[in-house]
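Summary of the model geometry
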Amino acid sequence: ERAPCRGSGFAFRARPTAMDGHVEILVRNKHYPFAHKELLAKAVLFLSVQDVVRADQALQPGIAVEGWFMSKESQVGSELVEAFQANDAESAERLLKEQVFTFLQVEVARLAKKLKVPDFAAQAAAGSAGVAATSGARAAAAAPAAAEPATAADMAEMLM
């Protein structure tokens, strides 16, 4: 059943909980490789809304998932979160080319392709020069961010 309040962000907030339940079912049925993919997908969802802390937590499942910490999904997911934490765009781009992302759900694989490490140095420079910048320059600087989902509600809409 679809979540009520479509577009309100409710669906996005409910998605991680639903994914946890799905992981539990997969583990109970001994479908460990699929549980690994679901855990990585959860981390990708959090990274897509720039929530690095919850992405890292998503890679630490609350239940024992056989083979998780030795899996390619765990290794790539952990390295990707580390790249985001270190603002290392080169490493993130390299990791996002790994084949493991193509085996995730289609919508999540699309999100993974769009992931970008935020450029805090450029944002800080734009912020400090904001007083001197013209409104046209600000609009140009904001244009790349418009291509990415702006809110959790936008993310939920994409996943529906």
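Everything numeric in this text was worked out from a predicted model, so none of it was measured.

**A closer look at helix H5 (residues 89-96)**
Those residues of H5 that sit buried are Ser91, Ala92, Leu95 and Leu96. Across the axial projection of H5, the buried residues extend over an arc of 130°, all falling on one side. The inward-facing, buried residues of H5 abut helix H4 (72-85) and helix H6 (106-114).

**A few points about the pattern of salt bridges**
For the structure shown, the criterion picks out three salt bridges. Across the salt bridge formed by lysine 37 and glutamate 73, the nearest N and O atoms sit 3.2 Å from each other. On the criterion of sequence distance, the pair formed by lysine 37 in helix H2 (residues 32-48) and glutamate 73 in helix H4 is long-range, its members being 36 residues apart. What makes glutamate 73 buried here is its relative accessible area of 9%. Notably, a salt bridge pairs glutamate 98 with lysine 72, separated by 3.4 Å at the nearest N-O pair. Remark: lysine 72 occurs in helix H4 and glutamate 98 occurs in the loop between H5 and H6; sequence separation between them is 26 residues. A relative accessible area of 24% means that glutamate 98 is categorised as partly exposed.

**As for H6**
Quick reminder: α-helices carry 3.6 residues per turn. Residues three or four places apart thus point the same way. By the burial criterion, the buried members of H6 are Val108, Ala109, Leu111 and Ala112. Buried residues in H6, looked at end-on, bunch into an arc of 160°, giving them a common side. Exposed residues on H6 whose side chains face more than 90 degrees from its buried face are Val106, Arg110 and Lys113.

**Notes on the environment of alanine 86**
Here alanine 86 shows up in the loop between H4 and H5. The spatial distance from the C-alpha of alanine 86 to the C-alpha of valine 117 is 9.2 Å, given a sequence separation of 31 residues.

**Details of the environment of serine 71**
Here serine 71 lies in the loop between helix H3 (52-58) and H4. Expressed as a C-alpha distance, the spacing of serine 71 and tyrosine 32, which sit 39 residues apart in the sequence, is 9.9 Å. A polar side-chain atom of serine 71 sits 3.1 Å from the main-chain amide nitrogen of serine 74.

**Thoughts on unusual backbone geometry**
With a phi angle near 60°, lysine 30 is a residue other than glycine that sits in the positive phi range. One can find lysine 30 in the loop between helix H1 (10-28) and H2. Judged by its relative accessible area of 60%, lysine 30 is exposed.

What counts, and where the lines are drawn
Residue numbers here run from 1 along each chain, matching the order of that chain's written sequence. Residue-level local features of this predicted model are given only where pLDDT is at least 70; pairs of side-chain atoms are given and counted only at 80 or more, and the full residue set underlies all totals for whole chains, interfaces and linings. Only hydrogens and water are set aside; all other atoms, that is, all heavy atoms of the structure, feed into the side-chain values. Remark: exposure states derive from per-residue accessible area (1.4 Å probe, protein chains only) relative to the maximum for the residue type, with buried under 20%, exposed over 50%, and partly exposed in between. A run of H or I in DSSP counts as a helix once it spans at least four residues, and a run of E counts as a strand once it spans at least two, with each numbered from the N terminus. Arc, as used here, means the arc of the directions from the helix axis to the C-beta atoms. Contacts between residues were defined by any pair of non-hydrogen atoms, one from each residue, lying within 4.5 Å. We define a salt bridge as a side-chain nitrogen of Lys or Arg found within 4 Å of a carboxyl oxygen belonging to Asp or Glu. In protein, a polar contact requires one atom able to donate a hydrogen and another able to accept it; more generally it is a pair of N or O atoms within 3.5 Å, and residues adjacent in sequence count only if both atoms are side-chain atoms.

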